[in-house]
Amino acid sequence: MRMRSYARRIAIDAFLTAIALALSIAESFIPPFIPVPGVKIGIANIVTVYAILEVGKTDAVQILLTRIFLSFIFAGQTVSLLFSLTGGVMCLILMCIMTRVISKDQIWVLSIIGALAHNIGQIAVAVILAGNKTVLLYLPVLIISGIITGAATGILAQIFISRTHGKIYKNAR
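Everything quoted here is computed from the prediction, not taken from an experiment.

Undergrad: Whenever I open this one, the nonpolar core confuses me. Can you help?
TA: Most often, soluble globular proteins have nonpolar side chains that are buried together. With 25 residues, the main nonpolar core has Leu-16, Val-49, Ile-52, Leu-92 and Met-95 as its most contacted residues. Of all elements in the fold, only α1 (2–27), α2 (45–55), α3 (57–75), α4 (78–98), α5 (107–130) and α6 (139–164) reach the threshold of two or more residues within this core. The biggest single contributor to this core is α2, with 7 residues. Those residues in contact with Leu-92, other than ones at most four positions away along the chain, are Thr-48, Ile-52, Ala-60, Val-61 and Leu-64.

See the structure below:
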């Protein structure tokens, strides 16, 4: 029985990773709404938020890291891996911490916090790679776009979680 439960857990994680990867790749075909490097919608974050709240933090880490590495393999460059990995890990860490104080009615806030952490992580990588702090000039635009896109993806995640009530994962047990 335990092996069956473990296999189902892996299957759910693989399913969520595939959805996140598909969303990430699909988003790469959407033209940027602001012509500023690093500004994107972040629709794959819907899956990350879902995974943190409904599947568990350990699984969310595995789903996020697998999605980032697969995105890199399919469409990325080494530099994009650094940006995605740093931003994604910072986003995930802060969202995992904030789940202790944010209710399921405030998932959209959790997503905004994650988007801002992601953008700050990307700016940190840019400062290191550029060797100067000039890239910090992008920070106000990234903060504003992070609030807007984080709210949008957070609202979608909140609607999805409220409608599924965790059925995807709980039915697999």
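Undergrad: Hey, could you run me through the packing of α3 against α4 in this one?
TA: For any two helices packed against each other, the geometry comes down to the angle between their axes and how far apart the axes lie. Taken N-terminus to C-terminus, the directions of α3 and α4 make an angle of 165°; their axes are 10 Å apart at the nearest point. Overall, the two elements α3 and α4 adopt an arrangement that is roughly antiparallel. As α3 packs across α4, the resulting crossing turns out to be right-handed. Between α3 and α4, the contacting residues are Lys-57, Ala-60, Val-61, Leu-64, Leu-65, Ile-68, Phe-69 and Phe-72 on the first element and Thr-78, Leu-81, Ser-84, Leu-85, Gly-88, Val-89, Leu-92 and Cys-96 on the second. When its residues are assigned to classes, the contact of α3 with α4 shows 12 nonpolar, 3 polar and 1 charged.

Undergrad: Whenever I open this one, the layout of surface pockets confuses me. Can you help?
TA: Over the atoms rolls a probe the size of a water molecule, and its path tells where empty space is left. Roughly 1200 Å³ of volume is contained in the largest pocket. Taken together, 49 residues form the lining of the largest pocket, with Gly-38, Lys-40, Ser-84, His-118 and Gln-122 sitting closest to its centre. Mapped onto the lining of the largest pocket, the elements with two or more residues apiece are α1, α2, α3, α4, α5 and α6. The element contributing the most residues to the lining of the largest pocket is α5, with 8 residues.

Conventions used here
- For every chain, the first residue of its written sequence is number 1, and the numbers climb from 1 along that sequence.
- Local features in a predicted model are, by the rule used here, given only for residues with pLDDT of at least 70; side-chain atom pairs are given and counted only at 80 or more, and totals for whole chains, interfaces and linings are based on all residues.
- Hydrogens and waters are ignored; side-chain quantities use all the structure's heavy atoms.
- Throughout, nonpolar core names a set of buried Ala, Val, Leu, Ile, Met, Phe, Trp, Tyr and Cys residues whose side chains join them through atoms within 4.5 Å.
- Only protein chains enter the calculation, and the probe is 1.4 Å; a residue is then buried if its accessible area is under 20% of its type maximum, exposed if over 50%, and partly exposed in between.
- Only DSSP runs of H or I reaching four residues or more are called helices, and only runs of E reaching two or more are called strands; each is numbered from the N terminus.
- When checking whether two residues touch, look at their non-hydrogen atoms; a contact exists if any pair is within 4.5 Å.
- Under this scheme, a helix contributes an axis fitted over its contacting stretch, all axes are lines through C-alpha atoms, and angles between N-to-C directions fall in the 0 to 180 degree range.
- In what follows, roughly perpendicular refers to angles from 65 to 115 degrees, roughly parallel to angles under 35, roughly antiparallel to angles over 145, and oblique to any angle outside these ranges.
- What makes a crossing left-handed is the near helix being turned counterclockwise from the far one by less than a right angle; a clockwise turn instead makes it right-handed.
- Three classes are used, and their members are as follows: Ala, Val, Leu, Ile, Met, Phe, Trp, Tyr, Cys and Pro are nonpolar, Asp, Glu, Lys and Arg are charged, and the others, Gly among them, are polar.
- Using only the protein atoms, space was sampled on a 1 Å grid; points where a 1.4 Å probe fits but cannot get out form cavities, open sets with protein on both sides within 12 Å along at least five of seven lines form pockets, and lining residues are those with an atom within 4 Å of a point.
- Grid points are joined across faces, edges and corners, and a volume is the space filled by probe spheres set on the points.

Note that all results are geometric; they support no functional claim without further evidence.
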